[in-house]
Amino acid sequence: MGLLTKEQVSAAQDLTTEEVEVPQWGGSVLVRGLTARERGQFMAMLVDQRKGGNRTRLEDLQVRLCAMSIVDEQGRRMFSDSELSLLARKSARALQPIFEVAQRLSGLSDEQVEELSGNSEETPSDDSLSD
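What you see is a predicted model; the values in this text were computed from it and never measured. Each chain has its residues counted from 1, running along the sequence as written. Confidence filtering applies because this is a predicted model: local features only for residues at pLDDT of at least 70, side-chain atom pairs given and counted only at 80 or more, and all residues used for totals across whole chains, interfaces and linings. With hydrogens and water set aside, each side-chain value is computed from the structure's full complement of heavy atoms.

A word on the overall build of the chain. The secondary structure listing takes helices from DSSP runs of H or I that are at least 4 residues long and strands from runs of E that are at least 2 residues long, numbered from the N terminus. Broken down by element type, the chain carries 6 helices and 3 strands. Its helices and strands taken in sequence order, the chain reads α-β-β-α-α-β-α-α-α from the N to the C terminus. Across the 131 residues in the chain, those meeting the buried criterion constitute 34%. Contacts in the chain between residues far apart in sequence, at least 24 positions, make up 63% of those at least 6 positions apart. Summed over its atoms, the accessible surface of the chain is roughly 8400 Å², and 48% of this surface lies on carbon and sulfur atoms. Relative accessible area decides the class of each residue, using a 1.4 Å probe on protein chains only: under 20% of the type maximum gives buried, over 50% gives exposed, and in between gives partly exposed. Contacts are assigned to residue pairs that have any heavy atoms within 4.5 Å of one another. Here, Shrake-Rupley sampling with a 1.4 Å probe gives the accessible areas, and only protein chains in the shown set may cover a residue.

Here is the structure:
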């Protein structure tokens, strides 16, 4: 392999998607790995929460990652940030395989997620998704 040009790097289609069967919903969804910017935003959201003294509960960060990763056939997010509560009300069992695939496709290890979330006893924040 040779050195790539800026144009070749820009043109490379490197975002991976995977279809995930969700029996509880009667079908499947398309899950896309996060872009570098999206991953940075996701990680920054967790760090900001910790600095403010409010830790994001594991359920909430699972919902956020799922919402950022579930896409339509054109690769557009199906759930916006304002629709997180829709996913938060869904079965944890249904979301778990989506979360695991999104985590893997985005290069987020279990250890990184645990470290960023504080993985300790958390105090619910006022902006918790569980309304």
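To continue, consider the sheet that holds strand S2 (residues 27–32). Here the rule is simple: two strands pair whenever DSSP picks up at least two bridges between them. Spatially, 3 strands are ordered S1-S2-S3 in an open sheet, and the strand pairing comes out antiparallel. Either end of the sheet is taken by a strand with one partner, and the two such strands are strand S1 (17–22) and strand S3 (70–71). The pairing of S2 with S3 spans 2 bridges and is classified as antiparallel. What sits directly across from Val 31, in S3, is Ile 70. Between N-to-C directions, angles cover 0 to 180 degrees, with each direction set by a line fitted to C-alpha atoms, over the stretch in contact for helices. Most of the contacts of helix H5 (residues 92–105) go to S1, to which it runs at about 165°, and overall it touches S1, S2 and S3.

All right, on to the pairing of S1 then. Pairing geometry for S1 and S2, over 6 bridges, is antiparallel. Following the sheet pairing, Val 20 is matched in S2 by Val 29. Taken together, S1 and the strand that follows it, S2, pair antiparallel across an intervening segment of 4 residues, in which Gly 26 is found at a positive phi of about 75°.

With that out of the way, let us pick up the pattern of salt bridges. Salt bridges are counted wherever a side-chain nitrogen of Lys or Arg sits within 4 Å of a carboxyl oxygen of Asp or Glu. Here the structure, examined in full by the defined rule, presents 4 salt bridges. Between Glu 38 and Arg 32 there is a salt bridge whose closest N-O contact spans 2.9 Å. Here Glu 38 and Arg 32 have matching classes, each one buried. Notably, a salt bridge pairs Arg 77 with Asp 81, separated by 3.0 Å at the nearest N-O pair.

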